[in-house]
Amino acid sequence: MSKYTRFFEAVSPSFLFESIYINSYNDLDCYVIKEQESVIVLFKDLEQKRCQETALELFNDEMKFKEYYDNFRNFLNVAKENSQELVKNNKLKELIELFLDFLKFYRYTESFYTELSYKIYEKNGDKILGENLKKLEIIKTDARKYLNSFFNGQDSYLTKIINQSNGSQSLLYSTVEEIMLGNKCTVEDIERRKANHVLSKNDIIYSDNTLEYNELKKWKESLTENTNVLKGTAASKGVVEGEAFVLSSDFTNFDELDNIIEKMPKNIILVSETTAPDIVKACFKAKAIVTNQGGMGSHAAIISRELKIPCVVGCKIATKVINTGEKVTVDGNKGEVILNGK
């Protein structure tokens, strides 16, 4: 079986969401597994190696990184205003084009790009590399706010512009290419895209009776084997034991997060797919953080180091196998999470 790297999992609002990410990473061997409402985005392992080497070259070059950072900062400064204007004028094509431009910058903040750079910095302590990674952490936090504004909640740019079109099924289940060309997907396309499938970078949908689908499904199922101890990346040192609180932050509950976090107990172990500015209040209530995705430069890793609490990221299936109220031990030195039971 081929080896894959899990990027992230989310509750997908539509097929368009999948198509945007496939289009954004069309230079990589990128796949989407869709089962029910759950979507997993993944890459072949060899792609991760190439991405990390490319990013290391950027982060080690003072002038190139400054150009990247300044351009990204300038983009973010105008992106919100531009997005609001495009929504107001019902320009879906231009809005998606803007978001694709955003992801050209944002991809370099993702763990499948940054992890090698963090490992080398930890080992060698190179000043330029360290300074650039710190700047990257700052702009990633700002950029994540824009990403959430684009996708999450009823006030998100994408939701608003789709609602202005009466939530058209043709738009929700269109590909980026169809929207750019002004084409409408057929009823057959919609039904096919609603069903379980695998989507490749070439927009080939593998149905659940193909070898490709079954290979990727077998890989997905292998993630939940041997779940007494979860292995991840040691992102912030320390060891604590406590009760877990599993927090979902996705398209279905984004508008309710403040109420959910308000009811969340203090001094618990926060378990989530990832963390972001929208659940930072939950991080302040936690005595440790565990996430499915991310690396040393992820939001969870950054805020855990700031709060001086243990953190293990990149556990892949933590939210699948840990239940709220379950006792767990988080070892931020070894990068392990031990499931102790109820």
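Quick summary incoming for the structure in this document. Remember, it's a predicted structure, so these values are computed and weren't measured experimentally.

Conventions used here
- Position numbers for residues start from 1 in each chain and track the written sequence from start to end.
- Totals for whole chains, interfaces and linings use all residues, but because this is a predicted model, local features are given only for residues with pLDDT of at least 70 and pairs of side-chain atoms are given and counted only at 80 or more.
- The side-chain values count all of the structure's non-hydrogen atoms but skip hydrogen atoms and water molecules.
- Only DSSP runs of H or I covering at least 4 residues are called helices, and only runs of E covering at least 2 are called strands; the numbering of each starts at the N terminus.
- Computation of the radius of gyration draws on C-alpha atoms, with the globule rule given as 2.2 Å multiplied by the number of residues to the power 0.38.
- Classification of residues uses two cut-offs on accessible area relative to the type maximum, computed with a 1.4 Å probe and protein chains only: under 20% is buried, over 50% is exposed, and between them is partly exposed.
- Residues count as neighbours in contact if any of their non-hydrogen atoms are within 4.5 Å of one another.
- Accessibility throughout is a Shrake-Rupley quantity obtained with a 1.4 Å probe, and a residue counts as covered only by protein chains that appear here.
- For the charge count, each Lys or Arg is scored as positive and each Asp or Glu as negative, with His and the chain ends excluded.
- One atom stands in for each charge, and that atom is NZ of Lys, CZ of Arg, CG of Asp or CD of Glu.
- For salt bridges, the criterion is a side-chain nitrogen of Lys or Arg within 4 Å of an Asp or Glu carboxyl oxygen.
- The criterion for strand pairing is that DSSP finds at least two bridges linking the strands in question.
- Helix axes use the C-alpha atoms of the stretch in contact, all axes being lines fitted to C-alpha atoms, and the angles between their N-to-C directions lie in the range 0 to 180 degrees.
- Cysteine sulfur atoms are paired as a disulfide whenever they come within 2.5 Å of each other.
- Points on a 1 Å grid, built from protein atoms alone, make a cavity when a 1.4 Å probe fits but cannot get out and make a pocket when they are open with protein on both sides within 12 Å along at least 5 of 7 lines; residues with an atom within 4 Å of a point are the lining residues.
- Grid points are joined across faces, edges and corners, and a volume is the space filled by probe spheres set on the points.
- Each residue gets one label: Ala, Val, Leu, Ile, Met, Phe, Trp, Tyr, Cys and Pro are nonpolar, Asp, Glu, Lys and Arg are charged, and the others, such as Gly, are polar.
- We define the nonpolar core as a collection of buried residues of types Ala, Val, Leu, Ile, Met, Phe, Trp, Tyr and Cys that are connected through side-chain atoms lying within 4.5 Å of one another.
- Expected helix span is computed as 1.5 Å times (number of residues minus one).

### Points about the overall build of the chain
Then step 1. Counting its regular elements, the chain contains 15 helices and 13 strands.
Then step 2. For 342 residues, the compact-globule estimate of 2.2 N^0.38 gives 20 Å, and the chain sits close to it at 20 Å.
Then step 3. Each principal axis of the C-alpha atoms in the chain carries an extent, and together these give about 55 × 50 × 45 Å.
Then step 4. Relative to its full complement of 342 residues, the chain shows a buried share of 54%.
Then step 5. Partitioning the intrachain contacts of the chain with sequence separation of at least 6 by distance along the chain shows that 64% fall at a separation of at least 24.
Then step 6. Element-wise, carbon and sulfur atoms account for 48% of the exposed surface of the chain, whose accessible area totals about 16200 Å².
Then step 7. Each charge class in the chain was averaged separately, 46 positive and 51 negative side chains, and the resulting centres sit 4 Å apart.

### Overview of the side chain of R144
Then step 1. Along the polypeptide, R144 turns up in helix 6 (residues 127–151).
Then step 2. This buried residue, R144, is left without a salt bridge; D278 holds the nearest opposite charge, at 5.2 Å.
Then step 3. Among residues more than four places away in sequence, those in contact with R144 are Y106, T274, T275, A276 and P277.

### Digging into the sheet that holds strand 1 (residues 4–11)
Then step 1. If you trace the five strands from one edge of the open sheet to the other, you get 1-3-2-4-5, paired in antiparallel fashion. Strands at the two margins of the open sheet, each flanked by one partner only, are strand 1 and strand 5 (205–206).
Then step 2. Inspection of the sheet shows strand 1 paired to strand 3 (residues 38–44) by seven bridges, in the antiparallel sense. In the sheet register, R6 faces strand 3, and the bridge partner there is L42.
Then step 3. Packing of helix 1 (residues 15–24) onto the sheet brings it into contact with strand 1, strand 2 (30–35), strand 3, strand 4 (197–200) and strand 5, and relative to strand 4 it is tilted by some 35°.

### Here we look at the state of the cysteines
Then step 1. Inspection of the entire model under this criterion finds zero disulfides.
Then step 2. Left unpaired, C51 is separated from the closest cysteine sulfur, that of C30, by 10 Å.
Then step 3. With no disulfide of its own, C315 lies 8.5 Å from the sulfur of C311, the closest cysteine sulfur.
Then step 4. The class of C315 is buried, set by a relative accessible area of 4%.

### Details of the pairing of strand 3
Then step 1. Within strand 3, six of the seven residues are buried, leaving the element largely enclosed by the surrounding structure.
Then step 2. The pairing of strand 2 with strand 3 spans six bridges and is classified as antiparallel. Its bridge partner lying in strand 3, C30 is registered against F43.
Then step 3. Where strand 2 folds back onto strand 3 in an antiparallel hairpin, the turn is made up of two residues, including Q36, whose phi is positive at roughly 55°.

### Observations regarding empty space enclosed by the protein
Then step 1. Considering all chains together, one arrives at one cavity of 30 Å³ or more under this definition.
Then step 2. As for the largest cavity, its lining consists of F15, S19, I22, N23, T175, E177, L199, K201 and D203.
Then step 3. Ranked by residue count, the leading element in the lining of the largest cavity is helix 1, at four residues.
Then step 4. Looking at side-chain class alone, the lining of the largest cavity contains three nonpolar, three polar and three charged residues.

### Some remarks on the layout of surface pockets
Then step 1. Within this model, the largest pocket holds a volume of roughly 670 Å³.
Then step 2. Counting only elements with at least two residues in the lining of the largest pocket, the list comes to strand 1, helix 1, helix 5 (111–124), helix 6, strand 8 (239–247) and helix 15 (318–321).
Then step 3. Across the lining of the largest pocket, the residue classes tally to 14 nonpolar, 18 polar and eight charged.
Then step 4. Approximately 300 Å³ is the volume found for the second largest pocket.
Then step 5. What lines the second largest pocket is a set of 14 residues, and nearest its centre among them are P13, F151, Q154, T159 and L172.
Then step 6. Sort the elements by how many residues they give to the lining of the second largest pocket and helix 7 (residues 157–163) lands first, with four residues.

### Observations concerning the nonpolar core
Then step 1. Residues I20, Y21, F99 and F102 are the most contacted members of the largest nonpolar core, which totals 85 residues.
Then step 2. A per-element tally of this core places helix 4 (residues 92–106) first, with 10 residues.
Then step 3. For Y21, the contacting residues outside a window of four places in its chain are F7, F8, F99, L103, L147 and F151.
Then step 4. Counting 27 residues, the second-largest nonpolar core is a separate cluster that includes Y31, A288, A318 and V328.

### Here we look at helix 5
Given 3.6 residues to a turn, an α-helix orients residues that are three or four positions apart in the same direction.
Then step 1. For helix 5, spanning 14 residues, the distance from its first C-alpha to its last is 19 Å, which sits close to the expected 20 Å at 1.5 Å a residue.
Then step 2. Looking at helix 5, one finds that the buried residues are F112, Y113, T114, E115, S117 and Y118.
Then step 3. Elements that come into contact with the buried residues of helix 5 comprise strand 1, strand 3, helix 2 (45–60), helix 6, strand 7 (233–236) and helix 14 (299–307).
Then step 4. Remark: G125 follows helix 5 within two positions and exhibits a positive phi of approximately 65°.

### Let's talk about helix 4
Then step 1. Between the first and last C-alpha of helix 4 there are 21 Å, a value that for 15 residues agrees with the 21 Å anticipated at 1.5 Å per step.
Then step 2. Of all the positions in helix 4, only L92, L95, I96, L98, F99, L100, F102, L103, F105 and Y106 are classed as buried.
Then step 3. Lining the buried residues of helix 4 we find helix 1, helix 3 (62–88), helix 6, helix 7, helix 8 (169–172) and helix 9 (176–181).

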